[in-house]
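# Topology and contacts: notes
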Amino acid sequence: MEIKEKSNMNLTEYIGSESIHLIAGRYNNVIVDGKVFLHNVRSIHFANGDGYHVEFVCYDKTMNTQELYVYNVSSIVVESVYGEQQLFLDEN
């Protein structure tokens, strides 16, 4: 399913559903279980059929992917949505 995510959007209700593709931003910051911070998240896949083992697919600026697995997930929140990479912003 495709979701047009926004900052502070809670995706917990989708845990265990079909794969989620985040379409609003290219570099989404996501917080898992209130303590795991992930950057550049574009897709979320639920593994093992139970929904609580989650694969997060992240893209870097060259569009290479990296998959991260988090087990026993109970909450997923999109902290912020970016159209371009802005993890660290230097105003000087």
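First, a word on scope: everything that follows refers to the structure included in this document. (Residues numbered from 1 in each chain as written. Predicted model: local features only at pLDDT ≥ 70, side-chain atom pairs only at ≥ 80, totals over all residues. Heavy atoms only, no water.)

### Things to note about the overall build of the protein chain
- Counting its regular elements, the protein chain contains zero helices and eight strands.
- Looking at the 92 residues of the protein chain, the share that counts as buried comes to 36%.
- Entry remark: accessible area of the protein chain is about 5,600 Å², with carbon and sulfur atoms responsible for 45%. (Helix = DSSP H or I, 4+ residues; strand = E, 2+ residues; numbered from the N terminus. Buried < 20%, exposed > 50% of the residue type's maximum accessible area, 1.4 Å probe, protein only. Areas by Shrake-Rupley, 256 points an atom, 1.4 Å probe, with all protein chains shown as cover.)

### Topic: unusual backbone geometry
- With phi around 70 degrees, Asn40 is a residue other than glycine that occupies positive phi space.
- By secondary structure assignment, the location of Asn40 is in strand S5 (residues 36-47).
- One non-glycine residue, Asn72, lies in the positive phi region at around 60 degrees.
- Position of Asn72 relative to the elements: it lies in the loop between strand S7 (65-70) and strand S8 (76-80).

### Quick notes on the packing of aromatic side chains
- In total, this model carries zero aromatic pairs according to the counting rule given.
- Lying over the aromatic face of Tyr59, Arg42 brings its terminal NZ or CZ to 5.3 Å of the ring centre. (Phe/Tyr/Trp six-rings, centres within 6.5 Å; stacked < 30°, edge-to-face > 60°. Lys NZ or Arg CZ within 6 Å of the ring centre and 35° of its normal.)

### Comments concerning the nonpolar core
- Leu11, Val41, Ile44, Phe56 and Ile76 are the most contacted members of the largest nonpolar core, which totals 19 residues.
- What Leu11 contacts, discounting residues up to four positions off in sequence, is Ile3, Leu22, Ile44, Ile76 and Val78. (Core = buried A, V, L, I, M, F, W, Y, C linked by side-chain atoms within 4.5 Å. Contact = heavy atoms within 4.5 Å.)

### A few points about the pairing of S8
- The pairing of strand S2 (residues 9-10) with S8 spans two bridges and is antiparallel. Each bridged residue has a counterpart across the sheet, and for Asn10 the counterpart in S8 is Val77.
- Note: strand S4 (residues 28-32) against S8, four bridges, orientation antiparallel. The partner of Ile31 across the bridge, within S8, is Val77. (Pairing = 2+ DSSP bridges.)

### Thoughts on the pairing of S5
- Where strand S3 (residues 20-22) meets S5, two bridges bridge the pair, whose relative direction is antiparallel. When the bridges of S5 are listed, His21 appears paired with Ser43.
- Of the pairings in the sheet, the one linking S4 to S5 comprises four bridges and is antiparallel in character. Counterpart to Asn28 in the pairing with S5 is Val41.
- Bridge count for S5 against strand S6 (residues 53-59) is six bridges, and the pairing is antiparallel. Pairing of Ala47 across the sheet is with His53, part of S6.

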